[in-house]
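# Commentary on secondary and tertiary structure
Each chain, letter by letter, is given below.
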Amino acid sequence: MDNNTEANDDSRPRKVYDEDQMDVEIPQTAHQISKDSWFQVGFVLTTGINSAYVLGYSGTIMVPLGWIFGIVGLIIATAISLYANTLIAKLHEFGGKRHIRYRDLAGHIYGRKAYSLTWALQYVNLFMINTGYIILAGSALKAVYVLFRDDHIMKLPYFIAIAGFVCALFAICIPHLSALRIWLGFSTFFSLVYIITAFVLSLKDGIKAPARDYSIPGTATSKIFTTIGAAANLVFAFNTGMLPEIQATVRQPVVDNMIKALYFQFTAGVLPMYAVTFVGYWAYGSSTSSYLLNNVTGAVWVKATANIAAFLQTVIALHIFASPMYEYLDTKFGIKGSALSAHNLSFRITVRGGYLAINTLVAALLPFLGDFMSLTGAISTFPLTFILANHMYLVAKKTKLTSLQKLWHWLNVCFFGCMSIAAAIAALRLIAVDSKTYHVFADL
């Protein structure tokens, strides 16, 4: 019997045992698993990495780090992110069981307490990412509005509310992650629209502009904190914090196919992000904003099209990062059968709509996009992607690793643990500073 059949036929919780006989109940999933090709999963990963967040990396990564550290940092972040994600992917069938959720894997290796802790850490991570996406979508809508009517009547919180409503409609219509399918093609198209537009217009502006200032802004103290915050943004750029959930959708052999998808993400998938990040910084230097389309000059209709594409792609990308919460809720409440049945449809309207309403409220209250990226990278992405990945691999493969390999993984755990603490302090400081500058429901 294959894994998907097992997931659909067994309505009871399963117990998974690790080598020390610690057990954790793994609930069945209401969502589809084991059906997607590695290529489709690769596009899911690439959708996340080339989301409209890429329009902010020139300002949030390159400006605080400068040319040398910015370029080196992005290359190193790419390499270590591929490595860490590969470690997690290799553990997907550890112990002879499929771990279709991050918390399942942690619980299998460490026990019940780790299961609960990982669950909390992951959903904080995904909630903050989704909040950032709604801020980003609202900012893109406002940018379109300002191109035609800069009268300050419609403010950012209004556009955030509109963005949240559209995201809720999309969440209601798309029942699970595998159902995205053709929408991944649309997402890629939208990504290319705003990335190519930002690249070409930045290149044009850069050729015409006088010499730019590439010095790192701020006082000596503020530079330290912004540099640490930029390091958190680096890892945020490449990592999802939900790799097992994405890997759950891939067909057998799940490890080999996931490795192929990761190689696709970290080779062809990162090139558009690199291009727009470097050209944006080259064109505008230290004056680059946290949303590149605010810097570029060009025809109004071109800029409007790029911003609309950024908005639409953000709606699709948010659905990916919200899918673990949807899967948890659908499974908990026993949602089965046709996605269009009255019961299932009303459930999605109520539950998913309510979840995104909370996201939208938080986004409107604190619309500081760069701060969300830094804090999310610090408290969630570092632990989930680097600390846990290395330590879980160390525990799972403890009898098969040499002393040198064990030392390497421990060094990774300690280094990224220190980075996580430092980045969290820097992000909280940034939020405190911005809170003095901006009020709640600020019109940024």
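Just so you know, these numbers come straight off a predicted model, no measurement behind them.

What follows is about unusual backbone geometry. Here the residue pair Q252 and P253 is connected by a cis peptide bond, since its omega of -5 degrees sits within 30 degrees of zero. Of note, P253 is situated in the loop between helix 9 (243–247) and helix 10 (254–265). One non-glycine residue, R181, adopts positive backbone phi at about 35 degrees. If you trace the backbone, R181 turns up in the loop between helix 6 (156–173) and helix 7 (182–208).

Right, let's talk about the packing of helix 12 (residues 300–332) against helix 13 (residues 342–365) for a bit. Relative placement of two packed helices is described by the angle separating their axes and the distance separating the axes. At a minimum axis separation of 11 Å, helix 12 and helix 13 run at an interaxial angle of 125 degrees. Here helix 12 lies oblique to helix 13, going by the angle between them. Where helix 12 crosses over helix 13, the handedness of that crossing is right-handed. Taking contact as the criterion, the partners of L318, H319, A322, M325, Y326, L329 and D330 in helix 12 are, on helix 13, F347, V351, R352, Y355 and L356.

Since the α-helix advances by 3.6 residues per turn, residues separated by three or four positions end up pointing in the same direction. Over its 33 residues, helix 12 runs 48 Å from end to end, which matches the ideal 48 Å to within 8%, given 1.5 Å per residue. Of all the bends in helix 12, the largest measures some 50 degrees and sits at A322, one to four residues before the proline P324. A large share of helix 12 lies buried, amounting to 25 of its 33 residues.

Attention now moves to the pattern of salt bridges. Applying the stated criterion to the full structure yields five salt bridges. In this structure, D151 engages R149 in a salt bridge whose closest nitrogen and oxygen atoms are separated by 2.6 Å. Classification of R149 as partly exposed rests on a relative accessible area of 47%. What you see here is one network of salt bridges that share partners, running through R101, D104 and E327.

Moving on, we get to the environment of M419. As for its position among the elements, M419 is in helix 15 (residues 403–437). A relative accessible area of 22% places M419 in the partly exposed class. Separated by 190 residues in the primary sequence, M419 and G229 have C-alpha atoms spaced 9.9 Å apart. Setting aside chain neighbours within four positions, we find M419 in contact with A231 and F382.

This paragraph deals with the environment of T47. Along the chain, the position of T47 falls in helix 2 (residues 38–49). For T47, a relative accessible area of 3% gives the class buried. For T47 and A317, which are 270 residues apart along the polypeptide, the C-alpha to C-alpha distance reads 6.3 Å. Discounting residues that sit within four places of it in the chain, T47 has contacts with L184, S187, Q313, A317 and I320. From its side chain, T47 meets the backbone oxygen of F43 in a polar contact 2.8 Å long.

Quick look at the confidence of the model for the protein now. For the protein, mean pLDDT is 84; residues scoring 70 or higher make up 89% of the total. When mean pLDDT is taken per element in the protein, helix 11 (residues 271–284) scores highest with 95 and strand 2 (residues 23–26) scores lowest with 38. Counting interchain partners and residues more than four positions distant, the pLDDT-below-50 stretch residues 1–27 has 56 contacts.

Our next topic: the nonpolar core. Most often, soluble globular proteins have nonpolar side chains that are buried together. Membership of the largest hydrophobic core comes to 121 residues, with the highest contact counts inside it found for L55, Y194 and F238. With 14 residues, helix 12 is the single largest residue contributor to this core. Setting aside residues up to four positions removed in sequence, F238 forms contacts with I49, L74, A77, T78, S81, Q265, F266, V270, M273 and Y274.

The subject of this paragraph is the packing of aromatic side chains. What the rule picks out here adds up to 28 aromatic pairs. Ring centres of Y145 and F159 lie 5.4 Å apart, and the angle between their planes is 55 degrees; on these two criteria the pair is classed as tilted. Of the two residues, Y145 is situated in helix 5 (residues 112–148) and F159 in helix 6; the sequence distance between them amounts to 14 residues. A residue is classified by how much of its surface remains accessible, and F159, at 6% relative accessible area, is buried. The structure contains a cluster of three or more aromatic residues connected by ring pairs, namely F170, W183, F186, F189 and F190. It is R212 that lies over the ring of W282; its NZ or CZ is 4.9 Å from the centre.

Calculation criteria
Residues numbered from 1 in each chain as written. Predicted model: local features only at pLDDT ≥ 70, side-chain atom pairs only at ≥ 80, totals over all residues. Heavy atoms only, no water. Helix = DSSP H or I, 4+ residues; strand = E, 2+ residues; numbered from the N terminus. Axes fitted to C-alpha atoms, helices over the stretch in contact; angles between N-to-C directions. Parallel < 35°, antiparallel > 145°, perpendicular 65-115°, else oblique. Left-handed = near helix turned anticlockwise from the far one by under 90°. Contact = heavy atoms within 4.5 Å. Expected span 1.5 Å × (residues − 1). Bend = angle between axes of the 7 residues up to and from the residue. Buried < 20%, exposed > 50% of the residue type's maximum accessible area, 1.4 Å probe, protein only. Salt bridge = Lys/Arg side-chain N within 4 Å of Asp/Glu carboxyl O. Polar contact = N/O pair within 3.5 Å; in protein donor to acceptor, adjacent residues only side chain to side chain. pLDDT = per-residue confidence, 0-100. Core = buried A, V, L, I, M, F, W, Y, C linked by side-chain atoms within 4.5 Å. Phe/Tyr/Trp six-rings, centres within 6.5 Å; stacked < 30°, edge-to-face > 60°. Lys NZ or Arg CZ within 6 Å of the ring centre and 35° of its normal.

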